[in-house]
Amino acid sequence: MSMSLEELNALASAIRAEVAKAIVGHDGLIDHLLIALVSGGHVVMEGPPGTAKTFLANSFATALGLDFGRIQFTPDLLPGDILGSNLFNFQTSQFTLTRGPIFCELLLADEINRTPPKTQAALLEAMQERRVTLDGETHALPDHFMVVATQNPIENQGVYPLPEAQLDRFLFKLLVPYPDETEEARIVAAYSQRQGPQRPADLGVRAVADAARLAAAGSALDQVKVADDIIAYVVRLVRATRAHSELAVGASPRAAVLLAGAARARAALGGRAYVLPDDVKALAVPVLRHRLTLTPAAEIEGRDLEALVTELVEQVEAPR
């Protein structure tokens with residue numbers, strides 16, 4: 001099954017409309033989730049409690065018709081609680097795989113920074129290779145398996161910052177802000193009259209896609225070409241982070257690959273068969289912000305990573 005760029009654009013519009021039935025505002029976040037989905041990337045969302053991070057992921061999965069799994073990360077969570085384990089069946093005298101919640105299509109890793117690095121690392125193979133290895137046996141995950149992780153930036157007690165190797169596997173780090181006054185009034189008006197838990201389906205969110213259509217959506221990227229000068233621009237931008245005097249750690253080659261792929265997805269969702277420098281510029285901050293580390297001197301001076309990336313985007317010459 002193939003999909004034209006026009007059909008991809010129509011599908012994306014339908015998904016946005018369904019998610020909007022449950023989520024007020026956050027249009028930019030939904031667009032980034034769509035880019036990550038089409039390009040095969042994962043997303044970590046950071047924001048204060050109560051800003052609908054979990055509900056957004058659930059609504060997104062519902063609109064896509066995906067099998068949704070959720071893991072509430074806690075300090076005592078073990079890798080087996082995520083992946084599953086082989087249990088001995090005394091009736092058959094054989095070991096039987098008991099699959100963990102990771103065996104789904106869209107996984108919400110809620111408050112991922114509340115569990116120790118050993119448990120966080122259980123996601124590494126799944127995120128990179130779409131597979132899980134248990135007792136030496138490999139089990140495949142769906143081709144469009146996607147992780148949406150959340151974390152709370154406010155609390156410092158009882159949290160374990162994600163290691164760089166794991167952060168590098170997330171395509172985007174998205175910051176979830178508080179709504180503006182008008183949006184907050186709409187939220188209160190819509191939800192204050194409702195009793196009990198809120199479910200996307202109760203708000204009219206329905207599936208407008210399935211596995212076959214999502215696979216076709218991913219293959220639609222084949223129609224989008226990345227010109228050599230755009231590739232050179234992406235490489236210059238990423239390499240500039242490694243040479244910057246205020247950055248102790250710059251972005252990896254994986255960052256360049258993911259940035260170019262995300263730019264292709266943005267172009268495709270915009271109905272274009274070519275990538276513009278503006279696609280790269282629009283995605284540079286969410287792709288790079290979690291991959292860079294300030295030097296101690298820059299931290300003391302209060303330098304802001306996002307402002308620094310924005311400065312780099314302005315300084316590195318873009319193709320005309």
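Residues numbered from 1 in each chain as written. Predicted model: local features only at pLDDT ≥ 70, side-chain atom pairs only at ≥ 80, totals over all residues. Heavy atoms only, no water.

Here we look at the overall build of the chain
So, point 1. When helices and strands are tallied, the chain shows 14 helices and eleven strands.
So, point 2. Computed over its C-alpha atoms, the radius of gyration of the chain comes to 20 Å, within 12% of the 20 Å expected for a compact globule of 320 residues.
So, point 3. Projecting the C-alpha coordinates of the chain onto the three principal axes gives extents of approximately 70 × 45 × 40 Å.
So, point 4. Looking at the chain as a whole, 48% of its 320 residues are labelled buried.
So, point 5. For the chain, the proportion of contacts with a sequence separation of at least 24, taken over those separated by at least 6, is 78%.
So, point 6. Of the charged side chains in the chain, 29 are positive and 39 negative, and the gap between their average positions amounts to 3 Å. (Helix = DSSP H or I, 4+ residues; strand = E, 2+ residues; numbered from the N terminus. Rg over C-alpha atoms; globule rule 2.2 N^0.38 Å. Buried < 20%, exposed > 50% of the residue type's maximum accessible area, 1.4 Å probe, protein only. Contact = heavy atoms within 4.5 Å. Lys, Arg positive; Asp, Glu negative; His and termini not counted. Charge placed at Lys NZ, Arg CZ, Asp CG, Glu CD.)

Let's talk about the sheet that holds strand S2 (residues 68-72)
For sheets, the rule is that strands pair by backbone hydrogen bonds, running either parallel or antiparallel.
So, point 1. Reading across the sheet, the five strands line up as S2-S5-S8-S1-S9 and stay open at both edges, with parallel pairing between neighbours. One side of each edge strand has no neighbouring strand; the edge strands of this open sheet are S2 and strand S9 (172-175). Neighbouring strand axes in the sheet, compared pairwise and without regard to direction, differ in orientation by 20° on average.
So, point 2. Packing against the sheet, helix H2 (residues 27-39) makes contact with strand S1 (43-46), strand S8 (146-151) and S9, and its axis sits at approximately 170° to S9. (Pairing = 2+ DSSP bridges. Axes fitted to C-alpha atoms, helices over the stretch in contact; angles between N-to-C directions.)

A word on the packing of aromatic side chains
So, point 1. In this structure the tally under the stated criterion is one aromatic pair.
So, point 2. Arranged with centres 6.3 Å apart and planes meeting at 80°, the rings of Phe-55 and Tyr-191 form a pair that is edge-to-face. Highlighted residues: Phe-55 in helix H3 (residues 53-64) and Tyr-191 in helix H8 (residues 181-191), separated in sequence by 136 residues. The same class applies to Phe-55 and to Tyr-191, which are both buried.
So, point 3. The positively charged end of Arg-272 is found above the aromatic ring belonging to Tyr-274, 5.8 Å away from the centroid. (Phe/Tyr/Trp six-rings, centres within 6.5 Å; stacked < 30°, edge-to-face > 60°. Lys NZ or Arg CZ within 6 Å of the ring centre and 35° of its normal.)

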